[in-house]
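Here's the letter readout for the chains.
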Amino acid sequence: MERLGLTISPRHLIFPKNNHWLRRIILVFAFILFDCLSTMIFCRDPSEEANIYARFFMEIFGIPAGLTLFVFLANLPIYMVLSLDSHIVKLPARMVAVAELSTDFTFAWFIAGLHFSGGTSWFWPFLNIERQFLGMMLYLCAAFIFVKPHRPCYNQ
């Protein structure tokens, strides 16, 4: 990696660089936190949780501790990859728009949409796909306002 001009240290996995990747991390984890908090508020018994892995942790450690531990362990790889990307990803100008937009569309559907759907499933009786689509749209709107994937600045 030294020959490529990259130095990777363990702190890069923990502390993201303060650029558009940090804003993306905050935005993604806002949706994850919403799902976690709404589950903690509305879930009275672990058997009510649809995710079998989260349910397993909730049955062993109790609802708040089990859910917190599950969310931490399940989302740690996402955080570490985004944190590492904030230090090393510097794409050529032509690739930036496509890569950043595809990243945000992927996060919008698979992370924000799923967590928004899971969080609202406790109190909003719409179809799962409708809740997920709304979560995706909310994420994309917030990403275009706060992250600005169409204008990333790698110089920061």
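See the structure shown above.
Everything numeric here is computed off the predicted structure, so don't read it as measured data.

### As for the environment of D45
Okay, step 1: Following the sequence through the fold, D45 ends up in the loop between helix 2 (20–42) and helix 3 (52–61).
Okay, step 2: In this structure D45 comes out as partly exposed when scored by relative accessible area, which is 36%.
Okay, step 3: Residues D45 and M58, spaced 13 residues apart in sequence, show a C-alpha to C-alpha distance of 8.6 Å.

### Focus: helix 2
An α-helical turn contains 3.6 residues, so a residue and the one three or four places further along point in the same direction.
Okay, step 1: Its 23 residues give helix 2 an end-to-end C-alpha distance of 33 Å, which sits within 8% of 33 Å, the value for a rise of 1.5 Å per residue.
Okay, step 2: Listed as buried for helix 2 are H20, W21, R24, I25, L27, V28, F31, I32, D35, C36, S38 and T39.

### Re the packing of aromatic side chains
Okay, step 1: For the structure on display, the rule yields ten aromatic pairs.
Okay, step 2: On the basis of an interplanar angle of 50° and a centroid distance of 5.9 Å, the ring pair of F57 and F70 is categorised as tilted. Here F70 lies in helix 4 (residues 63–88) and F57 lies in helix 3, a separation of 13 residues in the sequence.
Okay, step 3: With centroids separated by 4.9 Å and ring planes inclined at 90°, the aromatic side chains of W124 and F126 adopt a geometry described as edge-to-face.
Okay, step 4: The exposure class of W124 is partly exposed, given its relative accessible area of 30%.
Okay, step 5: Take F126: its relative accessible area is 42%, and that puts it in the partly exposed class.
Okay, step 6: Every member of this aromatic cluster is reached through a ring pair, and the members are F31, F34, F116, W124, F126 and Y139.

### Digging into the side chain of S38
Okay, step 1: Here S38 is to be found in helix 2.
Okay, step 2: Side-chain polar atoms of S38 contact the backbone oxygen of D35, separated by 3.2 Å.
Okay, step 3: Each residue touching S38, except ones within four places of it in the same chain, is listed here: C43, G119, W122 and F123.

### Points about the packing of helix 2 against helix 6 (residues 128–147)
Each pair of packed helices gets described by two things: the angle between the helix axes and the distance between those axes.
Okay, step 1: The geometry of helix 2 relative to helix 6 is characterised by a closest axis approach of 10 Å and an angle of 155° between their N-to-C directions. With respect to their mutual orientation, helix 2 and helix 6 come out roughly antiparallel. In this structure, helix 2 meets helix 6 at a crossing whose hand is right-handed. Mapping the contact onto sequence places H20, R23, R24, L27, V28 and F31 in helix 2 and G135, L138, Y139, A142, A143, F146 and V147 in helix 6.

### Overview of the pattern of salt bridges
Okay, step 1: Counted under the stated rule, the structure contains two salt bridges.
Okay, step 2: Measuring nitrogen to oxygen at the nearest pair gives 2.8 Å for the salt bridge that ties D104 to R24. Of the two residues, D104 is situated in helix 5 (residues 93–120) and R24 in helix 2; the sequence distance between them amounts to 80 residues.
Okay, step 3: On the basis of relative accessible area, R24 is assigned to the buried category, the value being 0%.
Okay, step 4: The shortest N-O distance in the salt bridge between R44 and E48 comes to 3.1 Å.
Okay, step 5: Look at R44 and you get exposed, because its relative accessible area is 69%.
Okay, step 6: You can call E48 partly exposed: its relative accessible area is 32%.

Definitions and limits used
Residues numbered from 1 in each chain as written. Predicted model: local features only at pLDDT ≥ 70, side-chain atom pairs only at ≥ 80, totals over all residues. Heavy atoms only, no water. Helix = DSSP H or I, 4+ residues; strand = E, 2+ residues; numbered from the N terminus. Buried < 20%, exposed > 50% of the residue type's maximum accessible area, 1.4 Å probe, protein only. Expected span 1.5 Å × (residues − 1). Phe/Tyr/Trp six-rings, centres within 6.5 Å; stacked < 30°, edge-to-face > 60°. Polar contact = N/O pair within 3.5 Å; in protein donor to acceptor, adjacent residues only side chain to side chain. Contact = heavy atoms within 4.5 Å. Axes fitted to C-alpha atoms, helices over the stretch in contact; angles between N-to-C directions. Parallel < 35°, antiparallel > 145°, perpendicular 65-115°, else oblique. Left-handed = near helix turned anticlockwise from the far one by under 90°. Salt bridge = Lys/Arg side-chain N within 4 Å of Asp/Glu carboxyl O.

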